[in-house]
Amino acid sequence: MDFVELRRKHIAWNISQNPSSISIHRKGKRRKGGGYEEFQEDLPPVTVRIFVGGNAQSPKMDSGTIGTVKTDEAYNLLADEFANLQAGTEVTDTFIHIGDTFKILQVMPYVVKGVIVGYRADLERMK
């Protein structure tokens, strides 16, 4: 068995220890003609593992013009190589898990021998 296949099996096993099925709601903008058009779409459910990461700080308060929001950036997500996760300035992925809304802040691929074998994502829990 080569190392790429072995790492994929490790990620699948890790996800299977505490799986969660999530449906991602994607909002963003894409180029159209000389400008941008906004879009929203719901992606098919994907099985991932959500866990508390090493960034466990106390919740932050953000007081904007609309109101006050509590956020918590202590969560991460592990997904297989087929997950369609995105984060950036032109796209926002969110999902609901056990009554909490999460936003994907950053997506990092796990790469072995030039092949993506899975993804880890930093999450922000909106309270």
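*Asks:* Please explain the pairing of strand 3 (residues 35–42) as it appears in this structure.
*Replies:* On a regular strand, each side chain points to the face opposite its neighbour's, so the side chains alternate between the two faces of the sheet. Direction of pairing for strand 2 (residues 25–32) relative to strand 3: antiparallel, over a ladder of eight bridges. Bridging across to strand 3, His25 finds its partner in Asp42. Counted along the chain from strand 2 to the antiparallel partner strand 3, the turn is two residues long, and its residue Gly33 has a positive phi close to 60 degrees.

*Asks:* For this particular structure, what's the right way to read the side chain of Arg26?
*Replies:* Positionally, Arg26 belongs in strand 2. Setting aside residues up to four positions removed in sequence, Arg26 forms contacts with Phe39, Gln40, Glu41, Leu43, Asn84, Leu85, Gln86, Val91, Thr92 and Asp93.

*Asks:* Explain helix 1 (residues 3–16) to me, please; I cannot follow it from the model alone.
*Replies:* For an α-helix, the turn length of 3.6 residues means that residues three or four places apart are oriented alike. With 14 residues, helix 1 should cover 20 Å at 1.5 Å per step; its first-to-last C-alpha distance of 20 Å lies within 8% of that length. Residues Val4, Ile11 and Ile15 constitute the buried set of helix 1. Projection of helix 1 onto a plane perpendicular to its axis shows the buried side chains occupying an angular sector of 40 degrees, all on one side.

What counts, and where the lines are drawn
Residues numbered from 1 in each chain as written. Predicted model: local features only at pLDDT ≥ 70, side-chain atom pairs only at ≥ 80, totals over all residues. Heavy atoms only, no water. Pairing = 2+ DSSP bridges. Helix = DSSP H or I, 4+ residues; strand = E, 2+ residues; numbered from the N terminus. Contact = heavy atoms within 4.5 Å. Expected span 1.5 Å × (residues − 1). Buried < 20%, exposed > 50% of the residue type's maximum accessible area, 1.4 Å probe, protein only. Arc of directions from axis to C-beta.

These figures come from the coordinates and say nothing about function on their own.
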